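# Report on the structure
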Amino acid sequence: MMPLRSLCLSVLAWAALPALAQPPSIIWTDDEKSNFLRQAPVVSVKILKEGVTSSHRATLRKNGRSHDAHIQTVNESGVLASSLNFERGFSDSYRHNLAAFELNQMLGLERIPVTVARAYRKLPASYTWWVDGEVMTERERQARSLRPPNGALWNDQVYIMKVFDQLIYNVDRNTGNIVIDKDWKLWMIDHTRAFRVRIDLMSEEELVRCDRALLERMRKLDPAEVRARLSPWLNPQQVDSLMARRDLIVRHFEELAVQKGEANVFYEYLEKNP
């Protein structure tokens, strides 16, 4: 348990932080968000300095309502080479944001903001709803040495993110694309470098605990339905690789539960925090 003095300091520091996005003045449904992102004119844009894909933060306005969106147009493929990585068929694409959001919906995670396809300056792009009540990124939280008010619930969310990243083979999860809102809900953004054509896992060591509902939902993913819903954004090889990784993750946690006991591996978060 966090010492009382540390908890008080953490809460005070959290309260003193300026909001990084406009607080929501109204409640939007997912359908309203989708329609707004597809139809509302862009009235202002600024290039975001963080990241390497020249993404933009845009303000959209329609019928007296306004909201910000994260726009990405990157759509590259080829070879990625660096001192630590060489991979043929590397793909960095806005399409992966759309696939990640759809898969997030299929798994009932509600941890990726609404994302739609829409052209930006005559280029195909993804428009992602700017997180309501955003306070900071994980990078900023760590820089300020802020502790979550409930460490166990925070860790539960982190474990969900780790499982999801292994499932989609996301090589670019960093503290800058983990967003924290005013309720300490963890949001995942920017998945342009995910969905590699790989039938292994990036790091099995990252998979130490799993939400029971998430594991069951992964088990129930139907390959035909996954292909139908993700085919607008992923090619058949990417979908096949995704399902192969699903099988590996499910098997991993089943074996881990036998080794360490179910109580040490599985927990309930999603059913209690929809």
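Residues numbered from 1 in each chain as written. Predicted model: local features only at pLDDT ≥ 70, side-chain atom pairs only at ≥ 80, totals over all residues. Heavy atoms only, no water.

## Considering the pattern of salt bridges
This structure, assessed with the given rule, holds 17 salt bridges. When the shortest N-O distance is used, the salt bridge between Arg229 and Glu102 registers 2.7 Å. Of this pair, Arg229 sits in helix α7 (residues 223-230) while Glu102 sits in helix α3 (residues 95-106), and the two are 127 residues apart along the sequence. Residue classification places Arg229 among the partly exposed residues on the basis of a relative accessible area of 31%. Of the charged contacts, one joins Arg212 and Glu268 as a salt bridge, the two residues approaching to 2.7 Å between their closest N and O atoms. On the criterion of sequence distance, the pair formed by Arg212 in helix α6 (residues 212-219) and Glu268 in the segment after β12 (266-267) is long-range, its members being 56 residues apart. Residue classification places Arg212 among the partly exposed positions, given a relative accessible area of 33%. Because the salt bridges share partners, they merge into one network encompassing Glu102, Glu225 and Arg229. (Salt bridge = Lys/Arg side-chain N within 4 Å of Asp/Glu carboxyl O. Helix = DSSP H or I, 4+ residues; strand = E, 2+ residues; numbered from the N terminus. Buried < 20%, exposed > 50% of the residue type's maximum accessible area, 1.4 Å probe, protein only.)

## Some words on the layout of surface pockets
Estimated volume of the second largest pocket: approximately 360 Å³. Looking at the second largest pocket, it is lined by 20 residues, and the ones nearest its centre are Trp28, Lys33, Asp132, Asp181 and Trp187. Tallied by class, the residues present in the lining of the second largest pocket amount to 11 nonpolar, one polar and eight charged. (1 Å grid on protein atoms, 1.4 Å probe; cavity = no way out; pocket = protein on both sides within 12 Å on 5 of 7 lines; lining within 4 Å. Points joined across faces, edges and corners; volume = space filled by probe spheres on them. Nonpolar A, V, L, I, M, F, W, Y, C, P; charged D, E, K, R; others polar.)

## What about the environment of Gln72?
Counting through the fold element by element, Gln72 comes out in strand β3 (residues 65-72). C-alpha of Gln72 to C-alpha of Tyr120: the two residues are 48 residues apart in sequence and 8.6 Å apart in space. Within polar-contact distance, the side chain of Gln72 engages the side chain of Asn97 at 2.7 Å. (Polar contact = N/O pair within 3.5 Å; in protein donor to acceptor, adjacent residues only side chain to side chain.)

## Digging into the pairing of strand β2 (residues 56-62)
Most of β2 sits inside the fold, with five of its seven residues counted as buried. Sheet topology places strand β1 (residues 42-47) next to β2; five bridges connect them, and they run antiparallel. Within the sheet, the bridge partner assigned to Val45 lies in β2 and is Ala58. Where β2 meets β3, seven bridges bridge the pair, whose relative direction is antiparallel. What sits directly across from Leu60, in β3, is His67. Between the end of β2 and the start of β3, which pair antiparallel, lie two residues, with Asn63 showing a positive phi angle near 50°. (Pairing = 2+ DSSP bridges.)

## Focus on the sheet that holds β2
Sheet architecture is open: five strands sit in the order β1-β2-β3-β7-β6, paired in antiparallel fashion. Each edge of the sheet is formed by a strand with only one pairing partner; in this case those strands are β1 and β6 (115-117). Recorded for the sheet is a direction-independent mean angle of 30° between the axes of neighbouring strands. Across the sheet, α3 is in contact with β3, β6 and β7 (126-129); its angle to β6 comes to roughly 135°. (Axes fitted to C-alpha atoms, helices over the stretch in contact; angles between N-to-C directions. Contact = heavy atoms within 4.5 Å.)

## Regarding the environment of Leu256
With respect to the secondary-structure elements, Leu256 resides in helix α8 (residues 236-260). Judged by relative accessible area, Leu256 falls into the buried class, the value being 10%. Separated by 10 residues in sequence, Leu256 and Phe266 place their C-alpha atoms 9.8 Å apart. Setting aside residues no more than four positions away along its own chain, Leu256 makes contact with Leu207, Val208, Gly261 and Val265.

## A word on unusual backbone geometry
Phi is positive for Arg121, which is not a glycine, with a value near 50°. Structurally, Arg121 can be placed in the loop between β6 and β7. Taking relative accessible area as the criterion, Arg121 reaches 62% and is therefore assigned exposed. Non-glycine residue Lys122 carries a positive phi angle of around 70°. Here Lys122 lies in the loop between β6 and β7. Under the relative-accessibility criterion, Lys122 is labelled exposed at 83%.

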